[in-house]
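For reference, the chains in residue letters:
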Amino acid sequence: MTSLGEQVTTQTPPDTAAAVSLRGLRKTFGEVAAVDGVDLDLAEGEFFSMLGPSGSGKTTVLRMIAGFEEPTAGRILLGGVDVTERPPYARDVNTVFQDYALFPHMSVLQNVEYGLRVKGVDRRSRRTRALEALETVRLEGFGDRRPSQLSGGQRQRVALARALVNRPKLLLLDEPLGALDLKLRREMQLELKALQRDVGITFVFVTHDQEEALTMSDRIAVFNGGRIEQLAGPAELYEHPASAFVAGFVGTSNLLEGDVAAAVLGTPGLFTVRPEKIDMHTRDAAAGPGSCTATGVVREVVYLGSATQAVVDLDAGGSLIVLQQNRSVQDQLAHRGAQVRLTWRREHTVEIGGSA
Ligand code: ADP
Ligand code: MG
């Protein structure tokens, strides 16, 4: 049986084509530029995340890739084929939304089979493929239940199975874990990542949660005001944020700028140092060679169990957040009003390229 997607394919993609290419993609709603010029190439089999605050244009990009939204300008290529003018059903793409959108009156198995039924796949293949998909998401034996008889995490997995059963080349996920509580969310993050590795589908994953993006992704595009502010792997993004926005959105920003930077580092400019890179000592402690150092007073202390976070007002002005692992009782030097010396290795001071 030929799918609709195959019927309208007129070009043969080159072997090396990117799974997804976006070229000068724009979308305006009235005066609002929801997406303001996005260029991207995603590799086959990549776990790619779009990370950014609410309203930064992530969902709109996803909807344009899926074909639910028409671009104001720009092109969309899937596997090297321009699909900009194609309707959603003629793109080899599936989408998983945050609210799952399961049919409540159908069983889990019927929900998973639904897409195949619409495509006219025969009953037997439908059943086989749906059972396979349920197995992939570890829900074998749940086929006869109704969605209402499942937990949030299980419903989420049904939604995934419903997408996977179509064997798409590309899966778009829009905050699919957003409705889950934190513990379940963390479990599902690891499961989803493992699943993606196993099935080898290209994932485009939308989230506003930086930790989620860092945990799961091969690469991350940080969105701000409809544009990509930085595109990098998780470690690069965290260790070398390209702008103050990225430094603040991915992790705790801890900026040193202007006069404070001049006083502490000997150079004016805009710098960041991550909280866990900073050591806190008593004020009379000596800073070793190759270290940066600043004195200050502890303003606030938050005990986090495995670690303690302190906000230190620097004598030079500004403040830094320090995160210390609680390895022993003595480590808990931080208390409000304590006079402290902060030290960190010079290479952990990262100069930020763009301005705020
Ligand atoms: P995100 O998913 O990052 O939260 P969206 O892509 O949903 O961001 O929205 C980006 C911007 O476009 C927002 O300012 C939003 O209000 C606007 N927007 C999105 N969809 C529509 C629409 N259908 N009509 C008007 N404005 C929209
Ligand atoms: Mg959104």
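Quick caveat, the model's predicted, so the values are computed rather than measured.

Enquirer: Pulling in residues and values, what's your account of the packing of helix H3 (residues 108–118) against helix H4 (residues 123–136)?
Expert: When two helices pack together, their arrangement is captured by the angle between the axes and the distance separating the axes. Taken N-terminus to C-terminus, the directions of H3 and H4 make an angle of 125°; their axes are 9 Å apart at the nearest point. Here H3 is positioned oblique relative to H4, judged by the angle of their axes. Crossing of H3 over H4 shows right-handed handedness. Between H3, through Val-108, Leu-109, Val-112, Glu-113, Leu-116 and Arg-117, and H4, the contact on the second element is made entirely by Arg-126, Arg-127, Arg-129, Ala-130, Leu-131, Ala-133 and Leu-134. The class makeup of the residues in the contact of H3 with H4 is eight nonpolar, no polar and five charged.

Enquirer: Please provide a residue-by-residue account of helix H5 (residues 152–164), values included.
Expert: Here H5 spans 18 Å end to end across 13 residues, near enough to the 18 Å set by a 1.5 Å rise per residue. Within H5, 11 of the 13 residues are buried, which leaves the element mostly enclosed by the surrounding structure. Restricting attention to buried positions, one finds in H5 the residues Gly-153, Gln-154, Gln-156, Arg-157, Val-158, Ala-159, Leu-160, Ala-161, Arg-162, Ala-163 and Leu-164. Looking at the buried side of H5, the elements it contacts are strand E6 (93–96), H3, H4, strand E7 (170–174) and helix H6 (182–199).

Enquirer: Can you explain the UniProt feature "domain: ABC transporter" (unreviewed entry) in the protein chain? Please cite residues and give values.
Expert: With numbering aligned to this structure, UniProt lists the feature "domain: ABC transporter" (unreviewed entry) at residues 20–250. Annotation note: span residues 20–250, helix share 36%, strand share 26%, distance between end C-alpha atoms 25 Å.

Enquirer: Now, about the nonpolar core: what can you tell me, with residues and values included?
Expert: For soluble globular proteins, nonpolar side chains are generally found buried alongside one another. Core analysis: the largest hydrophobic core is formed by 34 residues, its most contacted members being Val-112, Leu-160, Leu-171, Leu-173 and Leu-192. When contributions to this core are tallied by element, the ones reaching two or more residues are H3, H4, H5, E7, H6 and strand E8 (202–207). Looking at this core element by element, the count peaks at six residues for H5. Not counting residues up to four positions away in its chain, the partners in contact with Leu-173 are Leu-62, Val-96, Leu-160, Leu-192, Phe-203, Val-204, Phe-205 and Val-206. One finds Phe-48, Val-81, Ala-221 and Phe-223 within the second-largest nonpolar core, a separate group that totals 26 residues.

Enquirer: Can you tell me about the packing of aromatic side chains, naming the residues and giving the values?
Expert: This structure, assessed with the given rule, holds five aromatic pairs. Ring centres of Phe-47 and Phe-203 lie 5.4 Å apart, and the angle between their planes is 40°; on these two criteria the pair is classed as tilted. Pair noted here: Phe-47 is in strand E3 (residues 47–51) and Phe-203 is in strand E8, with a separation of 156 residues, a long-range link. Each member of the pair, Phe-47 together with Phe-203, is buried. Ring-pair connections join several aromatic residues into one group, and the members of that group are Phe-47, Phe-203 and Phe-205.

Enquirer: Describe helix H10 (residues 258–265), naming the residues involved and giving the relevant values.
Expert: Of all the residues in H10, the buried ones are Val-260, Ala-261, Val-264 and Leu-265. Here the buried residues of H10 occupy an arc of 100° about the axis, which is enough to place them on one side. The exposed residues of H10 that point more than 90 degrees off its buried face are Asp-259 and Ala-263. Tucked into the core, H10 has its buried residues touching strand E11 (255–257), strand E12 (270–272), strand E14 (291–303), strand E15 (307–314) and strand E17 (339–345). Gly-266, located one to two residues past H10, shows a positive phi value of around 85°.

Enquirer: I'd like to hear about the sheet that holds strand E2 (residues 32–42), residue by residue, with values.
Expert: If you walk across this open sheet you meet the four strands as E2-E1-E4-E5, and the pairing is antiparallel. Two strands close off the open sheet at either side, each with one partner strand: E2 and strand E5 (81–82). As paired strands, strand E1 (residues 20–29) and E2 are joined by eight bridges and run antiparallel to one another. Bridge pairing links Leu-25 to Val-38 in E2. Across the sheet, helix H2 (residues 58–66) lies against E1, E2 and strand E4 (73–78), angled at about 120° from E1, the strand it touches most.

Enquirer: Quick rundown of empty space enclosed by the protein? Include the residues and the values.
Expert: The full count for this structure, using the stated rule, is one cavity of 30 Å³ or more. Estimated volume of the largest cavity: approximately 30 Å³. Thr-59, Leu-62, Arg-63, Phe-68, Thr-95, Phe-97 and Asp-174 are the residues that line the largest cavity. Among the elements that line the lining of the largest cavity, the one with the most residues is H2, at three residues. Class assignment of the residues belonging to the lining of the largest cavity gives a composition of three nonpolar, two polar and two charged.

What counts, and where the lines are drawn
Within each chain, residues carry numbers counting from 1 in the order of the written sequence. Following the order in which they are written, the chains are lettered starting with A and the ligands numbered starting with 1. At least 70 in pLDDT is required for a residue's local features to be given in this predicted model, at least 80 for side-chain atom pairs to be given and counted, and no such filter applies to totals for whole chains, interfaces and linings, which use all residues. Note that water and hydrogens are dropped before the side-chain values are worked out from all heavy atoms of the structure. Here, axes are lines fitted to C-alpha atoms. For helices the fit covers the stretch in contact, and angles between N-to-C directions go from 0 to 180 degrees. Only DSSP runs of H or I with at least four residues qualify as helices, and only runs of E with at least two residues qualify as strands; both kinds are numbered from the N terminus onward. Put simply, angles under 35 degrees are roughly parallel, angles over 145 are roughly antiparallel, angles from 65 to 115 are roughly perpendicular, and the rest are oblique. Crossings are sorted by hand: turned counterclockwise from the far helix by less than a right angle, the near helix makes the crossing left-handed, and turned clockwise it makes it right-handed. Contacts are assigned to residue pairs that have any heavy atoms within 4.5 Å of one another. Residues are sorted three ways: Asp, Glu, Lys and Arg are charged, Ala, Val, Leu, Ile, Met, Phe, Trp, Tyr, Cys and Pro are nonpolar, and all the rest, Gly among them, are polar. A helix's residues, less one, multiplied by 1.5 Å, set its expected span. Partly exposed describes any residue whose relative accessible area lies between the buried limit of under 20% and the exposed limit of over 50%, with all areas from a 1.4 Å probe on protein chains only and scaled to the type maximum. UniProt positions are given in the numbering used here, feature names are shortened, and annotations may be inferred rather than shown by experiment. Each nonpolar core is a collection of buried residues, namely Ala, Val, Leu, Ile, Met, Phe, Trp, Tyr and Cys, held together in the definition by side-chain atoms within 4.5 Å. Aromatic rings from Phe, Tyr and Trp, taking only the six-membered ring of Trp, are treated as a pair when their centres fall within 6.5 Å; an angle between ring planes under 30 degrees marks them as stacked, one over 60 as edge-to-face, and anything in between as tilted. In this context, the arc is that of the directions from the helix axis out to the C-beta atoms. Strands pair, by our definition, only if DSSP identifies at least two bridges between them. Within this scheme a cavity is a closed region of a 1 Å grid, computed over the protein atoms alone, that accommodates a 1.4 Å probe without allowing it to escape, whereas a pocket is open but has protein on both sides within 12 Å along at least five of seven lines; lining residues each have an atom within 4 Å of a point. Grid points are joined across faces, edges and corners, and a volume is the space filled by probe spheres set on the points.

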